[in-house]
Amino acid sequence: MTEGRNVLALKEMEGPEDDRLCGKWRIDCCLDSYNLRDVFTWRLLKTIAMGQVLSLLICGTAVSCEYLAKAKVETPMLQSFLNYALLLLTYTIILSFRKGEQNILQILKTKWWKYVLMGLADVEANYVVVKAYRFTTLTSIQLLDCFVIPVLMLLSWFFLKTRYKPIHFIAVAVCLLGVGAMVGADILAGRSQGSAIDVVLGDGLVLLSAILYAVSNMCQEHTVKNLSRVEFLGMMGLFGTLISGFQLAVLETRAVAAIKWNPHISTLFAIYVLCMYALYSFMPVVVKMTSATAVNLSLLTADLFSLFCGLFLFKYKFSALYIISFVVIMVGFIMFNAVPMYSALPEDLENPAEDPAEDPADRLLSEDGDAQRLETLTATAVL
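Summarised in this report is the structure supplied together with it. This structure is a prediction, so every number in the text was calculated from the model and none was measured.

**Details of the environment of S55**
Here's step 1: Following the sequence through the fold, S55 ends up in helix 3 (residues 42–70).
Here's step 2: Accessibility expressed as a relative area gives 0% for S55, which makes it buried.
Here's step 3: Along the primary structure S55 and N296 are separated by 241 residues, whereas in three dimensions their C-alpha atoms are 9.6 Å apart.
Here's step 4: At 2.9 Å, the side chain of S55 forms a polar contact with the side chain of T301.

**Details of the environment of W112**
Here's step 1: By the element assignment, W112 lies in helix 5 (residues 104–132).
Here's step 2: When the C-alpha atoms of W112 and F239 are compared, they prove to be 9.3 Å apart, with 127 residues separating the residues in sequence.
Here's step 3: Setting aside residues no more than four positions away along its own chain, W112 makes contact with I107 and F239.

**Some thoughts on a nonpolar patch on the surface**
Here's step 1: Judged by side-chain polarity, L154, W157, F158 and F159 come together as a nonpolar surface patch covering roughly 460 Å² of accessible area.
Here's step 2: With respect to the secondary-structure elements, F158 resides in helix 7 (residues 148–159).

**Digging into the packing of helix 14 (residues 302–313) against helix 15 (residues 320–338)**
Working note: a packed helix pair is described by the angle between its axes plus the distance between those axes.
Here's step 1: Running from N to C, helix 14 and helix 15 point in directions that differ by 155°, and their axes come no closer than 10 Å. Comparing their axes, helix 15 and helix 14 come out roughly antiparallel. Every pair of crossing elements has a handedness; the one defined by helix 14 and helix 15 is left-handed. Listed contacts from helix 15 to L304, F305, L307 and F308 of helix 14 are Y322, I323, S325, F326 and I329.

**Some words on the packing of helix 4 (residues 76–96) against helix 12 (residues 263–289)**
Here's step 1: Relative to each other, helix 4 and helix 12 sit at 55°, their axes nearing to 9 Å. Here helix 4 lies oblique to helix 12, going by the angle between them. Crossing hand, helix 4 versus helix 12: right-handed. Taking contact as the criterion, the partners of L78, Q79, L82, N83, Y84, L86, L87, T90 and Y91 in helix 4 are, on helix 12, F269, Y272, V273, L274, M276, Y277, Y280 and S281.
Here's step 2: Of the residues assigned to the contact of helix 4 with helix 12, the class counts are 13 nonpolar, four polar and no charged.

**Focus: the state of the cysteines**
Here's step 1: Within the structure shown, the criterion is met by zero disulfides.
Here's step 2: C146 takes part in no disulfide bond, and the closest cysteine sulfur to it belongs to C175, at a distance of 9.3 Å.

**Comments concerning the packing of aromatic side chains**
Here's step 1: In this structure the tally under the stated criterion is six aromatic pairs.
Here's step 2: Ring geometry for W261 against F269: centres 5.0 Å apart, planes inclined by 45°, an arrangement best described as tilted.
Here's step 3: Taking the relative accessible area as the measure of exposure, W261 reaches 48% and is therefore partly exposed.
Here's step 4: Of the residues examined, F269 reaches a relative accessible area of 4% and is grouped as buried.
Here's step 5: Ring pairing ties together the aromatic residues Y164, F169 and F336, which thus form one cluster.

**Some thoughts on helix 12**
Here's step 1: Between the first and last C-alpha of helix 12 there are 39 Å, a value that for 27 residues agrees with the 39 Å anticipated at 1.5 Å per step.
Here's step 2: The largest bend along helix 12 reaches roughly 30° and is located at F282, with the proline P284 sitting one to four residues downstream.

**So, the side chain of S244**
Here's step 1: On the secondary structure map, S244 appears in helix 10 (residues 229–251).
Here's step 2: By relative accessible area, S244 is classed as buried at 0%.
Here's step 3: When near neighbours in sequence (up to four residues on either side) are disregarded, S244 contacts M77, F81, Y84 and V123.

About the criteria used
Residues numbered from 1 in each chain as written. Predicted model: local features only at pLDDT ≥ 70, side-chain atom pairs only at ≥ 80, totals over all residues. Heavy atoms only, no water. Helix = DSSP H or I, 4+ residues; strand = E, 2+ residues; numbered from the N terminus. Buried < 20%, exposed > 50% of the residue type's maximum accessible area, 1.4 Å probe, protein only. Polar contact = N/O pair within 3.5 Å; in protein donor to acceptor, adjacent residues only side chain to side chain. Contact = heavy atoms within 4.5 Å. Patch = residues over 30% accessible without salt bridge, like charges linked within 9 Å, V, L, I, M, F, W, Y side chains within 5 Å. Areas by Shrake-Rupley, 256 points an atom, 1.4 Å probe, with all protein chains shown as cover. Salt bridge = Lys/Arg side-chain N within 4 Å of Asp/Glu carboxyl O. Axes fitted to C-alpha atoms, helices over the stretch in contact; angles between N-to-C directions. Parallel < 35°, antiparallel > 145°, perpendicular 65-115°, else oblique. Left-handed = near helix turned anticlockwise from the far one by under 90°. Nonpolar A, V, L, I, M, F, W, Y, C, P; charged D, E, K, R; others polar. Disulfide = S-S within 2.5 Å. Phe/Tyr/Trp six-rings, centres within 6.5 Å; stacked < 30°, edge-to-face > 60°. Expected span 1.5 Å × (residues − 1). Bend = angle between axes of the 7 residues up to and from the residue.

Dropping the structure here:
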């Protein structure tokens, strides 16, 4: 009798028939059975599309950086500072006009040190990985940068109480296999591997950057799911601007003074900053729909988009392994998102405070994700 009620309850929570794209075949995902029509939903397609938009934005930053490097302009801290300053001028100002506990002064009174650590992790992660290019090879950076995914899963397990199923670990392994294929294609195509002055130091910097990115992304997921997207971006803009501005004054004063400004250089800076600003603004929406781990898996295709652009812009050699790598990464990403995760301490089931400055579109985009997490929690409880 209880089992019948559980089945009936789960059926009532299913989405509309139009949200299913496949037939009634069934697949087995590590002890649990799922309908393919319930797996390949419009929500999954939205997640895939939005993840690839983020990858394209990263591709835009990579291409603009490549052109800046060719113009002998290497000022990563200046570029980061401009991005954080743009966040400051929009989201931090929005926070300053809020009232009550969501006002920027109230936030700073209670949680300032948390956002200092989050901003420090984000700024230094960006800076350290750029420095790694001076000491190690491109292959090492591409491979070791994936270390952010297992670190993020571990942090999410302990701090966010996220629980993964075996299929999620298999999906991550598939994505990393795709990265291996991409690195193999780079080697076969004879792409420049950069410097190898001190490989041990360079690899250590990449691993440090991966850990810092994981910390920043975990904080982002917690903030956007339990507080608000605007609060996260406002605090990131405030402390990111302060920290990067200090480092800019200390480390890059001469490099900035040596820039020969012209319309070409100014356009490249504008493209980089706008892509980064869009990436930072849009990424919390996707994180709220899925998770920080899923977003990082989708970003694995960013290097491939950069390579595809390089085929036309920088005359890179083509390899069929690039296509294979893209397909493998996308298969792993679909596998990861097809089976929902759940939180052992589901804070998102409580009634969070309304975010008056958040876009209605952001809330609409996250509704499907919230419904699926609710379904997963109910199914886990009755099992």
